[in-house]
Amino acid sequence: DQDGVGQGTADTPEPPETEVAASIGEPVTIGDVQWTVTDAERLDELLSIKGEYEPGNFVIMDVTFSNSSNQDVTLATPFFTLIDSEGREFEPDIGNNFTYLYPEENMFVEPVAPGSTKEGKLIFGVEPDSSGLRLQVGEARFASDETALIDLGL
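All values reported here derive from a predicted model rather than from experimental measurement.

Asks: Honestly, the overall build of the chain in this entry has me stumped. Any pointers?
Replies: Scanning the chain from N- to C-terminus turns up two helices and eight strands. Ordered by position from the N terminus, the helices and strands of the chain form the series α-β-β-β-β-β-α-β-β-β. In the chain, which comprises 154 residues, the share counted as buried stands at 38%. Taking as baseline every contact in the chain between residues at least 6 positions apart, the subset at least 24 positions apart corresponds to 64%. With an accessible surface of roughly 8600 Å², the chain has 46% of that area assigned to carbon and sulfur atoms.

Structure follows, in structure tokens:
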């Protein structure tokens, strides 16, 4: 039935291999964890509470992470990748996350206990011309290659 086939493709404008990205404020669940980016902005400088200053091109985002597994999850930089419209990939700069965030905001400071949620921030360095930024998040296990995308609208 050709009509049925044509009708089906009209409803799905994107090719099947295109991963649909979530939006800011929209939770994504991967395995036993859930990620939500609640805000994201570009900055041309970082300023620490101690007055340390770093010029550059940065994206800072507010992230909520929920651990529904039965074990502690220690977040690590490979679990987050920022991807721009040209396919360039950026990992969070661990030094910047320790220097320019309060300890309670830093997602890398301490493990997230089973059944708990952590809210914090992530800082990425990006290229000056980066646009179409999407955060790729994972299942927060090194053996897993399951990921989801969150469109930051930047």
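Asks: It is not clear to me how the environment of Met107 should be interpreted in this structure. Could you clarify?
Replies: Tracing the chain through its elements places Met107 in the loop between helix 2 (94–99) and strand 6 (117–125). Apart from residues no more than four positions distant in its own chain, Met107 is found in contact with Val63, Phe65, Leu75, Lys118, Glu119, Gly120, Lys121 and Leu122.

Asks: Just to check I follow, could you spell out the sheet that holds strand 2 (residues 33–47) for this structure?
Replies: The pairing of strands in a sheet happens through backbone hydrogen bonds and is either parallel or antiparallel. The four strands are arranged 1-2-3-6 in an open sheet whose pairing can be described as antiparallel. Either end of the sheet is taken by a strand with one partner, and the two such strands are strand 1 (28–30) and strand 6. This sheet shows a mean twist of 35° between the axes of neighbouring strands, independent of strand direction. Pairing geometry for strand 3 (residues 53–67) and strand 6, over nine bridges, is antiparallel. What sits directly across from Thr64, in strand 6, is Glu119.

Asks: Hey, could you run me through the sheet that holds strand 8 (residues 147–151) in this one?
Replies: Taken in spatial order, the four strands of this open sheet run 5-4-7-8, and their pairing is antiparallel. Each having just a single partner strand, strand 5 (89–90) and strand 8 make up the two edges of the open sheet. Bridge analysis of strand 4 (residues 80–83) against strand 7 (residues 134–138) gives four bridges, and the strand direction is antiparallel. The residue of strand 7 that forms the bridge with Phe80 is Val137.

Asks: What is the right way to read the layout of surface pockets from this model?
Replies: Where empty space is left in the structure can be found by rolling a water-sized probe over the atoms. Estimates place the volume of the largest pocket at around 360 Å³. Lining the largest pocket are 24 residues, and of these Leu47, Tyr100, Leu101, Tyr102 and Glu105 sit closest to its centre. Breaking the lining of the largest pocket down by element, the ones donating at least two residues are strand 2, strand 3 and helix 2. At seven residues, the largest contribution of residues to the lining of the largest pocket is made by strand 2. For the lining of the largest pocket, the class distribution of residues is 13 nonpolar, three polar and eight charged.

Procedures and definitions
Residues numbered from 1 in each chain as written. Predicted model: local features only at pLDDT ≥ 70, side-chain atom pairs only at ≥ 80, totals over all residues. Heavy atoms only, no water. Helix = DSSP H or I, 4+ residues; strand = E, 2+ residues; numbered from the N terminus. Buried < 20%, exposed > 50% of the residue type's maximum accessible area, 1.4 Å probe, protein only. Contact = heavy atoms within 4.5 Å. Areas by Shrake-Rupley, 256 points an atom, 1.4 Å probe, with all protein chains shown as cover. Pairing = 2+ DSSP bridges. Axes fitted to C-alpha atoms, helices over the stretch in contact; angles between N-to-C directions. 1 Å grid on protein atoms, 1.4 Å probe; cavity = no way out; pocket = protein on both sides within 12 Å on 5 of 7 lines; lining within 4 Å. Points joined across faces, edges and corners; volume = space filled by probe spheres on them. Nonpolar A, V, L, I, M, F, W, Y, C, P; charged D, E, K, R; others polar.

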